[in-house]
Amino acid sequence: MSDISQDALNVRNALIAKGIETPMISPNQNKDERRSGISKHMREVMKLIGLDLRDDSLEETPNRLAKMFIDEIFSGMDYANFPKMTKIKNQMKVSEMVQVNDITLTSTCEHHFVTIDGNVAVAYYPKDWVIGLSKINRIVAFFAQRPQVQERLTEQLLTAFQTILETDDVAVYVKATHFCVKARGVKDTNSYTVTSAYGGVFLEDRETRKEFLASIQK
């Protein structure tokens, strides 16, 4: 745990306490061993599909998948990758809503390991702290870079921002297309899923919530 920041540890503990942490185990192998193991197993999966791995287009695919899983699309499972926070004391006494819209969301459905693609909006009312605006995007990206279901992701983001900002006054809105719906199964190319989570004033005051949602629609 020594390579995990205090912010990351606080967020992780808050998610566990609420029962909304991603189901995870702590692998015993180092990253190289895990990449090697994934590559080996993916090679067998591809053979069972019926692919000829002697083809020069396919022979490196198991290695590419192993690197992608560990270093890229599932890197959010390792809290050592949690974004370094820039927290600033709210000496300016900012009291109005801080909102970031249209944050890019690219995640992976944990049921079928295909893409979730969408946008996120995050808002908060500062109390003692404000954070650098880019950190909001980076926190969204961190929790997106793991196998996910949208409902849990939304609640994780709410709790993460509440923990870091030390305020309940946070709102999160997620709108996403799920390729497990779009590319397989029902193959509905038009539908999308909307989830939201509110805390503090956003939960208690309907007008504040309406202001947040109206800004998203604009």
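The rules behind the values
Residues numbered from 1 in each chain as written. Predicted model: local features only at pLDDT ≥ 70, side-chain atom pairs only at ≥ 80, totals over all residues. Heavy atoms only, no water. UniProt positions renumbered as here; feature names shortened; annotations may be inferred. Disulfide = S-S within 2.5 Å. 1 Å grid on protein atoms, 1.4 Å probe; cavity = no way out; pocket = protein on both sides within 12 Å on 5 of 7 lines; lining within 4 Å. Points joined across faces, edges and corners; volume = space filled by probe spheres on them. Helix = DSSP H or I, 4+ residues; strand = E, 2+ residues; numbered from the N terminus. Nonpolar A, V, L, I, M, F, W, Y, C, P; charged D, E, K, R; others polar.

The protein has the name GTP cyclohydrolase 1 in an unreviewed UniProt entry, where Rodentibacter mrazii is given as its organism. Regarding the protein, the UniProt comment filed under Subunit (unreviewed entry) reads as follows: "Homopolymer."

## As for the state of the cysteines
Tallied over the entire structure, the rule returns zero disulfides. This cysteine, C109, is not joined by any disulfide, and C180 carries the nearest cysteine sulfur, 3.9 Å off.

## Quick notes on the layout of surface pockets
Quantified by volume, the largest pocket comes out at close to 1,000 Å³. Lining the largest pocket are 31 residues, and of these I25, P27, R34, M77 and D78 sit closest to its centre. Where the lining of the largest pocket is concerned, the elements lending two or more residues are α1 (6-18), α2 (31-49) and α3 (61-73). For the lining of the largest pocket, the element with the highest residue contribution is α2, accounting for six residues. Considered class by class, the residues forming the lining of the largest pocket number 17 nonpolar, seven polar and seven charged.

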